[in-house]
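What follows is the residue order along each chain.
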Amino acid sequence: MRSALAVLEEVVAAGPGVTAKEISAALKLPQATTYRLLNLLVGEEYLVRLPDLRGFALGRRAARLALPVVPTPPAAARAVVEHLRGQVRWGVHLASFRTGQVTLVDPDPDHPPSDDVVLARHPHASALGMLLLADQPDWRALARDLRPLTEHTVTDPGELDARLEVVSAQRVARQCGQVRADRGCIAVPVHDPATGALVAGLALCGPAARVAEPNTELVALLHEHADRLVPLLA
Amino acid sequence: MYAASTFPPYPALMRHGALSGLRHRSPVHGLDRRHLGPPEVLAQSVSSAAPAAAMAAAPAIAATTAGSGTIWSFVIATVVSLLIGSCIGRFTRRMAVAGSLYSLTAKGLGPAAAFTSGMALLVGYGVLVMGALVGSATYVDALLGRLGVEASGTVLVAAAIVLGALVTGGVLARVRLSARVVLAAEAVSIMLMIVVFVVLLGVTPQVPAAVTGGSGVGGIAAGVLPALSAFIGFEAATALGVEARRPFRTIPRVVQWTAGVAGVLYLFATFTQMTGFARTGLATVDEPVPALALALGQPWLALLLDLGIALSFAACALATLNALVRVVFSMARDGIAPAALGATHPRRQIPHVAIAVVVPVVVVVPVALLASGLPAAQVLADLLTLATVGYLVAYLLVCLAAPFFLRRIGELTPVPVVVTAVLVPVLLVVLVAFVVSAWGGVVPLAIGALIVVGLAWLLWLRRRRSAQLAAIGVYDETVTADVLGGHEGSPL
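Just so we're clear, the structure is a prediction, and the values are computed from it rather than from any experiment. (Residues numbered from 1 in each chain as written. Chains lettered and ligands numbered in written order. Predicted model: local features only at pLDDT ≥ 70, side-chain atom pairs only at ≥ 80, totals over all residues. Heavy atoms only, no water.)

Would you explain the sheet that holds strand S7 (residues 183-191) of chain A in this entry?
Strand pairing in a sheet relies on backbone hydrogen bonds. The paired strands run either parallel or antiparallel. Residues and elements named next belong to chain A. Read from one edge of the open sheet, five strands run S5-S4-S8-S7-S6, paired in antiparallel fashion. The two strands at the open ends of the sheet, each matched to only one other strand, are strand S5 (103-106) and strand S6 (173-176). Strand-to-strand twist in this sheet, taken as the mean axis angle between neighbours without regard to direction, amounts to 30 degrees. Pairing of strand S4 (residues 91-96) with S5 involves three bridges; the strand directions are antiparallel. In the sheet register, Ala95 faces S5, and the bridge partner there is Leu104. (Pairing = 2+ DSSP bridges. Helix = DSSP H or I, 4+ residues; strand = E, 2+ residues; numbered from the N terminus. Axes fitted to C-alpha atoms, helices over the stretch in contact; angles between N-to-C directions.)

Below, the structure written as structure tokens:
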């Protein structure tokens, strides 16, 4: 166990392309042990073999071991968000989905949003979280525990599935009182035009009763600002 | 989902330009990458080895030379299979392939040996599919006969045609569906065989098998030949490397488990049959298990037996065909077979052109052989012998290749060298003995003809496609998306 972690650490320290022999020498581990550990870590996809089959690099799964660091968005993107804040009386938040979670990168200082940890852990309840789930091939892999946060939280997988269909079709997610009973949010996605990947979400949060209204102009305004964010974030 | 910039770049990112050589998509793209779970992959290997069919027939064949030592012949064959599996595992823990042993051999021994392995696999897999179709049709015919349908050549040919159509449908389905059909058929057939053998064991007087005369070490060694041929096909999961969800973990395990499970089933079957024929000797009976069933006044057991064997052969045909088309597909992607054969169906994610070319051959040949009026049992025996020769050549080459592969990537340890040093002479002797034992029949002639065809193909490739030939060994390489930090950076 300790040796496996040491091998993983050595691949990070030495950089991609490091060979089994080099790792064995650096850690003073017996060769057979090193090879077995490397094969184990490759089997579990924490490491990958490079195309020459000699060198190793970190696999995508290793990302789960690190605390994801999301850099602050560029000033131009924050200016777009600030512009929207000037036009509406509700809270405006920008979130990144790059780490596979909801991470607020520009929360509204005048209208503090819900706790980061709550948003990250319960994507089924929040509007931003539903954008993320609707983008997954199988959302159940990300939202295993449909816990009720308020009496309005959708906890039935079938109902959530139907709502996520609507989110995908209309490119807008909406929740009323699902995270906090008195608040609601409308969120729209920002996609990378080259890969189609979901990169960010822009949300408007206000009183739950008001969010439940059609708000056609607000949604249009959100989409307009989200479109302006595309070249800045993608 | 994970972008480079979400993590602090790790040091020496451009060390040897290590990541610059990564492709954006795998050279074997188009297959249903990383989708099959362990049970589906296991079904592929187990079905291709067809233990249910071999349980009934192999012990009696081995007993003709090994006598009361038949058990030992199977113990040796199991150990040899496990060692072959360990050699294959040296590769499959490190690379995922669609071309089975052909693509593996290329990484250890180079183009000429890999080409020979590919040729041997085309023969082994192709002829085993034909043999399995003949076998399944034979037992469907026998089953119908027991139910009162009058036996005739027409029934046999019709059964072969229907089975051929079913197998074609199976291989054209998405690989997940196809693997599940194989899994269900094989599970049922093994269950049936276990029921039959447990009942036989229960009602047979328990006489220790050792009371009959033994035939010494030489007899046991000769018995390894048919015993080992009962294992062929256990490596078939290797061809699903690209499609398995966790290939580096699943494929090596599945191949070893298949060898182990088949070994246990054969030992059980051998023990049962030797107990049943303890007085007369197992080798003296033509069809031991049905004879045993009838002698015990349990004719319904013979029905179950026929059904189990027919199902097992049908699953074997489908599983082996899945492996065969992936070898053809890999050869096409390598550039040594027509490029069109490397195409994949966009929706079903199967090599549909390779299937369209291969299926008519492997279905029409057995139907034609049966329709020509040759005795089905002889056709089956000859096809299985020819297939076994192909497999043995491919096993021999992959076992030889393992230590060379490990040395090339700088991960050689003593154990693989010892295993290869033991296995290669054993497999060489078995191969020679196999060909010699078939001497005088059609099998050596067929082998000779295939060697001529193979040599002609190799010479043509040397002259016209030397660059492609030198570079063969396509596999599911790590691509940019698999590597942490392989993506291009972006602001968020």
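Which parts of the structure should I look at to understand the packing of aromatic side chains?
Where two aromatic rings form a pair, the distance of their centres and the angle of their planes describe that pair. Residues and elements named next belong to chain B. Counted by the stated rule, this structure contains nine aromatic pairs over all chains. Ring centres of Phe91 and Phe405 lie 4.6 Å apart, and the angle between their planes is 25 degrees; on these two criteria the pair is classed as stacked. On the criterion of sequence distance, the pair formed by Phe91 in helix H3 (residues 70-92) and Phe405 in helix H13 (residues 376-408) is long-range, its members being 314 residues apart. Overall, the relative accessible area of 0% leaves Phe91 in the buried class. Using a relative accessible area of 0% as the deciding quantity, one classes Phe405 as buried. (Phe/Tyr/Trp six-rings, centres within 6.5 Å; stacked < 30°, edge-to-face > 60°. Buried < 20%, exposed > 50% of the residue type's maximum accessible area, 1.4 Å probe, protein only.)

Please clarify how the state of the cysteines should be interpreted in this entry.
What is meant by a disulfide is a covalent connection between two cysteines, made through their sulfur atoms. Residues and elements named next belong to chain A. Going through the model one piece at a time under the given rule, you end up with one disulfide over all chains. Note that Cys185 is cross-linked by a disulfide to Cys205, the S-S spacing being 1.8 Å. Where Cys185 bonds to Cys205 through sulfur, the torsion about that S-S bond is close to 95 degrees, and the disulfide is right-handed. You can see Cys185 sitting in strand S7 and its partner Cys205 sitting in strand S8 (residues 198-207), a full 20 residues away along the chain. (Disulfide = S-S within 2.5 Å.)

Would you mind showing me how to read the interface of chain B and chain A here?
Note on interface size: it is often stated as the accessible area lost on association of the parts. With 43 residues of chain B in contact, the opposing surface of chain A contributes 54 residues. Across the chain B/chain A interface, buried area totals approximately 4,000 Å², and carbon plus sulfur atoms make up 59% of it. Counting every contact that joins chain B to chain A gives four salt bridges. Note that Arg49 of chain A and Glu411 of chain B form a salt bridge whose closest N and O atoms lie 3.0 Å from each other. For the pair chain B and chain A, the interface holds eight residue pairs in polar contact (both at pLDDT 80 or more). (Contact = heavy atoms within 4.5 Å. Buried area = accessible area lost by both parts, 1.4 Å probe. Salt bridge = Lys/Arg side-chain N within 4 Å of Asp/Glu carboxyl O. Polar contact = N/O pair within 3.5 Å; in protein donor to acceptor, adjacent residues only side chain to side chain.)

Sorry, what's going on with the layout of surface pockets here?
Unfilled space is identified by rolling a water-sized probe across the atoms. Residue and element names in this part refer to chain B. Estimates place the volume of the second largest pocket at around 1,400 Å³. Lining the second largest pocket are 49 residues, with Ala57, Ala58, Ile61, Ala381 and Leu384 positioned closest to its centre. Contributing elements (two or more residues each) for the lining of the second largest pocket: helix H1 (38-49), helix H2 (51-66), helix H5 (111-146), helix H8 (216-229), helix H10 (288-295), helix H11 (299-334), H13 and helix H14 (414-437). A per-element tally of the lining of the second largest pocket places H2 first, with nine residues. Of the residues belonging to the lining of the second largest pocket, the class tally is 34 nonpolar, 10 polar and five charged. (1 Å grid on protein atoms, 1.4 Å probe; cavity = no way out; pocket = protein on both sides within 12 Å on 5 of 7 lines; lining within 4 Å. Points joined across faces, edges and corners; volume = space filled by probe spheres on them. Nonpolar A, V, L, I, M, F, W, Y, C, P; charged D, E, K, R; others polar.)

What is the right way to read the packing of H3 of chain B against H13 of chain B from this model?
Two packed helices can be described by the angle between their axes and the distance between those axes. All names here are of chain B. As a packed pair, H3 and H13 sit with axes 9 Å apart at the nearest point and diverge in direction by 45 degrees. With respect to H13, the axis of H3 lies oblique. Considering the relative orientation of H3 and H13, their crossing is left-handed. Seen from H3, the contacting residues are Ile84, Cys87, Ile88, Arg90 and Phe91; seen from H13, they are Tyr395, Val398, Cys399, Ala401, Ala402, Phe405 and Leu406. The class makeup of the residues in the contact of H3 with H13 is 11 nonpolar, no polar and one charged. (Parallel < 35°, antiparallel > 145°, perpendicular 65-115°, else oblique. Left-handed = near helix turned anticlockwise from the far one by under 90°.)

Would you explain the environment of Cys87 of chain B in this entry?
All names here are of chain B. Counting through the fold element by element, Cys87 comes out in helix H3. You can call Cys87 buried: its relative accessible area is 1%. Along the backbone, Cys87 and Ala402 are 315 residues apart, and their C-alpha atoms lie at a distance of 5.9 Å. Excluding residues that lie within four positions of it along the chain, Cys87 makes contacts with Cys399, Ala402, Val419, Thr420 and Leu423.

What's the story with the sheet that holds strand S3 (residues 55-58) of chain A in this structure? I'm lost.
Residue and element names in this part refer to chain A. Read from one edge to the other, the open sheet built from three strands follows the order S1-S3-S2, with strand pairing classed as antiparallel. With partners counted over all chains shown, the strands left at the sheet margins are strand S1 (18-19) and strand S2 (47-49), one partner each. Two strands pair when backbone bridges link them, and S1 and S3 are joined in this way by two bridges, in the antiparallel orientation. Bridging from a neighbouring strand, Thr19 pairs with Gly55 of S3. The strands that helix H3 (residues 31-43) touches are S2 and S3; relative to S2, the one it contacts most, it runs at about 105 degrees.

Any chance you could explain helix H12 (residues 352-371) of chain B here in plain terms?
The periodicity of an α-helix, 3.6 residues per turn, causes residues three or four positions apart to be oriented the same way. Residue and element names in this part refer to chain B. With 20 residues, H12 should cover 28 Å at 1.5 Å per step; its first-to-last C-alpha distance of 28 Å lies within 8% of that length. At Val358, H12 shows its strongest bend, of approximately 30 degrees, with the proline Pro360 following within four residues. Taken residue by residue, H12 has Ala354, Ile355, Val358, Val359, Val362, Val363, Pro366, Val367 and Leu370 as its buried positions. Buried residues in H12 make contact with H5, helix H6 (153-172), H11 and H13. Within two residues after H12, Gly373 carries a phi angle of roughly 90 degrees, on the positive side. (Expected span 1.5 Å × (residues − 1). Bend = angle between axes of the 7 residues up to and from the residue.)

Where do I start with the nonpolar core in this structure?
In a soluble, globular protein the nonpolar side chains are often hidden away together inside. Counting residues in hydrophobic clusters, the biggest one holds 143 residues, and the most contacted among them are Ile84, Leu321, Tyr395 and Leu427 of chain B. Every residue in contact with Leu427 of chain B, bar those within four places of it in the chain, is listed here: Val80, Ile84, Leu228, Leu392, Tyr395, Leu396 and Cys399 of chain B. (Core = buried A, V, L, I, M, F, W, Y, C linked by side-chain atoms within 4.5 Å.)

How do you make sense of the pattern of salt bridges when you look at a structure like this?
If the charged atoms of two oppositely charged side chains come close together, the side chains can form a pair. Considering all chains together, one arrives at 20 salt bridges over all chains under this definition. Between Glu44 of chain A and Arg249 of chain B there is a salt bridge, with its nearest N and O atoms 2.8 Å apart. Taken together, the positions of Glu44 of chain A in the loop between H3 and S2 and Arg249 of chain B in helix H9 (residues 247-276) put the pair across two chains. Note that Asp182 of chain A is salt-bridged to Arg180 of chain A, the shortest N-O span being 3.9 Å. Its relative accessible area of 48% is what places Asp182 of chain A among the partly exposed residues. By relative accessible area, Arg180 of chain A is classed as partly exposed at 38%. When salt bridges with common partners are traced through the structure, they connect Glu44, Glu45 and Arg61 of chain A together with Arg246 and Arg249 of chain B into a single cluster.

Where do I start with H5 of chain B in this structure?
Residues and elements named next belong to chain B. For H5, which comprises 36 residues, the first-to-last C-alpha distance of 51 Å matches the rise-based estimate of 52 Å (1.5 Å per residue) to within 8%. Along H5, 27 of the 36 residues are buried, which leaves the element largely enclosed by surrounding structure. Following H5 by one or two positions, Gly148 has its phi on the positive side, about 105 degrees.

For this particular structure, what's the right way to read the domain arrangement of chain A?
Along its sequence, chain A is carved into domain 1 (2-65) and domain 2 (75-233). Placing a centre on the C-alpha atoms of domain 1 of chain A and another on those of domain 2 of chain A gives a separation of 39 Å. (Domains from an automatic or database assignment.)

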